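Chain by chain, the residues run as shown.
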Amino acid sequence: MSFISRFLMSRWGPIVTGIVVGILAPVLVKLGNPGNMGVCVVCFSRDIAGALGLHRAGVVQYIRPEIIGFVLGALVAALIFREFKPRTGSAPIVRFLLGMFAVFGALVFLGCPWRAYLRLSGGDWNAIFGILGLVVGIWVGVVFLRMGFSLGRSRPAPKAMGWVMPAIMVVLLLLLILAPQFGRDANGNPTGPIFFSPSGPGSQHAPLIISLVIGLFIGFLAQRSRFCTVGAIRDVILLRDAHLFYGILALIAAAFITNFALGQFHPGFEKQPIAHTDELWNFGGMVLAGLAFTLAGGCPGRQLFLSGEGDGDAAVFVSGMIVGAGFAHVYTIASSPAGVGAFGPMSVIVGLVVCIVIGLTMRETKA
Amino acid sequence: MSDIKEIDARGLSCPQPVMLADQAIQKLEKGTVEVLVDSATARENVSRLARYSGWQVSVEEQPEGSYRLVLKK
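Residues numbered from 1 in each chain as written. Chains lettered and ligands numbered in written order. Predicted model: local features only at pLDDT ≥ 70, side-chain atom pairs only at ≥ 80, totals over all residues.

1. A closer look at the overall build of chain B
Note the threshold: Numbering goes from the N terminus for both helices and strands, where a helix is a DSSP run of H or I of at least four residues and a strand is a run of E of at least two. Our radius of gyration is a C-alpha quantity, and the globule rule it is checked against amounts to 2.2 Å times the number of residues to the power 0.38. Remark: residues whose backbone-derived C-beta atoms lie within 7 Å of one another are considered to be in contact.
Of the regular secondary structure elements, chain B holds two helices and four strands. Starting at the N terminus, the α and β elements of chain B follow one another as β-α-β-α-β-β. For 73 residues, the compact-globule estimate of 2.2 N^0.38 gives 11 Å, and chain B sits close to it at 11 Å. Referenced to the eigenvectors of the C-alpha coordinate spread, the extents of chain B come out at roughly 30 × 25 × 15 Å. The contacts of chain B with a sequence gap of at least 6 include a subset with a gap of at least 24, amounting to 60%.

2. With respect to the interface of chain B and chain A
Selection rule: In this classification, the charged set is Asp, Glu, Lys and Arg, the nonpolar set is Ala, Val, Leu, Ile, Met, Phe, Trp, Tyr, Cys and Pro, and all remaining amino acids, among them Gly, are polar.
Taken together, the 16 residues of chain B in the interface contact 20 residues of chain A. At the level of elements, helix H1 (16-28) and helix H2 (40-52) of chain B are the ones that each hand at least two residues to the side of chain B that touches chain A. The element best represented in the side of chain B that touches chain A is H2 of chain B, accounting for five residues. For the side of chain B that touches chain A, the per-class residue count stands at seven nonpolar, five polar and four charged.

3. Things to note about the nonpolar core
Note the cut-off: By definition, a nonpolar core groups buried Ala, Val, Leu, Ile, Met, Phe, Trp, Tyr and Cys residues that are joined through C-beta atoms within 7 Å. Partly exposed residues are those whose C-beta has more than 12 but fewer than 20 other C-beta atoms within 10 Å; with 20 or more the residue is buried, with 12 or fewer it is exposed, and the C-beta atoms are placed from the backbone.
In terms of nonpolar packing, the biggest core is built from 137 residues, with Val103, Phe104, Leu107 and Ala292 of chain A touching the most fellow members. With 13 residues, the single largest contributor to this core is helix H5 (residues 92-109) of chain A.

4. Comments concerning unusual backbone geometry
Excluding glycine, residues mostly have negative phi values, and the peptide bonds linking residues are mostly trans. Omega for the peptide link from glycine 192 of chain A to proline 193 of chain A comes to 15°, which places this bond in the cis form. Relative to the helices and strands, proline 193 of chain A resides in the loop between helix H9 (164-178) and helix H10 (208-225). Following cysteine 14 of chain B, the chain continues to proline 15 of chain B via a peptide bond in cis, the omega torsion being 0°. Here the phi dihedral of arginine 240 of chain A falls at roughly 55°; this positive angle occurs in a residue that is not glycine. Relative to the helices and strands, arginine 240 of chain A is located in the loop between helix H11 (231-239) and helix H12 (245-261). We note that threonine 332 of chain A has phi near 45°; this positive angle belongs to a residue other than glycine. One can find threonine 332 of chain A in the loop between helix H15 (312-330) and helix H16 (344-361).

5. Regarding the confidence of the model for chain B
Put simply, the rule is: You can read pLDDT as the predictor saying how much it trusts each residue, on a scale of 0 to 100.
With 97% of its residues at a pLDDT of at least 70, chain B reaches an overall mean of 93. Scored as a whole, the predicted complex attains pTM 0.97, and scored at its interfaces, ipTM 0.94.

6. Observations regarding the sheet that holds strand E2 (residues 32-37) of chain B
Residues and elements named next belong to chain B. The criterion, for reference: DSSP bridges decide pairing: two strands pair if at least two such bridges lie between them. Axes here mean lines fitted to C-alpha atoms, for a helix over just the part in contact, with angles spanning 0 to 180 degrees between N-to-C directions.
Here four strands make up an open sheet; going across it, the order is E1-E2-E4-E3 and the pairing mixed. A single partner strand is all that each edge strand has here, and the edge strands are strand E1 (4-8) and strand E3 (56-61). Mean inter-strand twist for the sheet, computed between neighbouring axes without regard to direction, equals 15°. In this sheet, E2 lies alongside E1 in parallel orientation, the contact comprising five bridges. The residue of E2 that forms the bridge with isoleucine 4 is threonine 32. The strands touched by H1 are E1, E2 and strand E4 (67-72); relative to E2, the strand with the most contacts, the crossing angle is about 170°.

Shown next as structure tokens:
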């Protein structure tokens with residue numbers, strides 16, 4: 001076991017993780033997940049928000065087992081290798097806001113960095129604008145880091161606190177399996193508390209057990225290899241360190257080959273699955289997402305893995321993502337294949353202003 | 001006599017521990033830098049950066065679960 005751990009912590013760790021994600025994500029699409037959405041942490045958080053009734057966009061409601069697996073897989077790895085260290089206290093409310101705005105930006109583009117790379121490797125050239133925006137957003141975040149930006153220090157916390165996010169994930173798994181319904185309204189529509197899409201992307205999913213096992217496996221690997229789809233670009237810009245970046249290259253290459261082999265590679269701009277062709281806001285949305293993720297210290301997947309390790313601040317970021325996803329669909333911030341939402345562009349601008357204020361004002365306070 | 005620089009990076013999020021270590025080894029050029037971190041990720045990142053910059057790295061695990069990295073050049 002320690003040999004596997006040492007290997008995953010070596011330079012090969014992010015590469016192996018990238019290859020595994022690059023192969024399994026298109027396989028999940030083949031098995032039922034939406035197009036170019038084998039894994040999308042933001043889209044899946046949005047689906048969970050919908051399943052919990054935080055928004056009522058009927059086509060994007062499902063409790064995604066991959067997200068549950070990511071947290072619990074990271075928890076298992078952290079427990080085995082004595083890295084389960086509950087901690088919190090590093091500007092939780094700011095992290096909540098960053099989670100919300102990161103999701104606003106990503107849902108204007110229609111995908112988190114994970115899906116941006118997967119869309120690219122499926123031939124969706126609209127992703128190029130999203131990835132360019134992501135790089136610009138991360139670059140702006142690096143400028144703030146160089147200026148002394150910090151969300152301050154976390155402190156060790158009681159063991160019980162570290163179990164909160166994993167426990168929430170277990171409850172989500174139970175809700176997914178049991179799908180409780182408390183009744184129906186006068187029109188015969190279910191009144192919740194759990195909603196599952198009868199049609200649309202939310203209704204498209206691989207078998208539960210396969211999604212869960214793949215999520216657990218990726219969560220385990222990523223906790224050991226510190227896989228991060230935002231840190232990869234940040235470290236190249238900030239430190240000229242490509243350790244994590246090779247993982248992204250491996251992901252894109254493996255996903256391209258797998259998509260090609262499975263007949264899922266369809267190059268072009270038009271008629272791509274769950275995507276729109278508005279170059280400006282594909283770019284702008286991901287500038288906001290890249291900046292917010294960088295200020296929070298990692299991509300949405302990394303935030304899930306950290307919350308599995310007991311990081312209460314990452315767990316607050318994840319909560320911000322799920323609540324933000326609810327807002328994004330209630331306030332027509334999220335885009336759809338028809339184009340950007342009515343308040344998408346305005347939300348990106350507001351989000352950028354908030355993130356810039358956070359970047360300029362948050363500094364470590366001395367005791 | 002060589003300089004010794006001490007950095008307490010415990011509790012800081014990525015990439016701040018590695019940034020602080022990077023600033024210290026750039027400024028010092030030669031000597032000893034001691035970096036306190038409390039996560040295995042920061043331990044690996046700081047070690048990788050230091051080795052890449054030609055510094056020798058030794059790691060001591062502290063009783064409370066943090067790590068003291070001693071960087072020498």
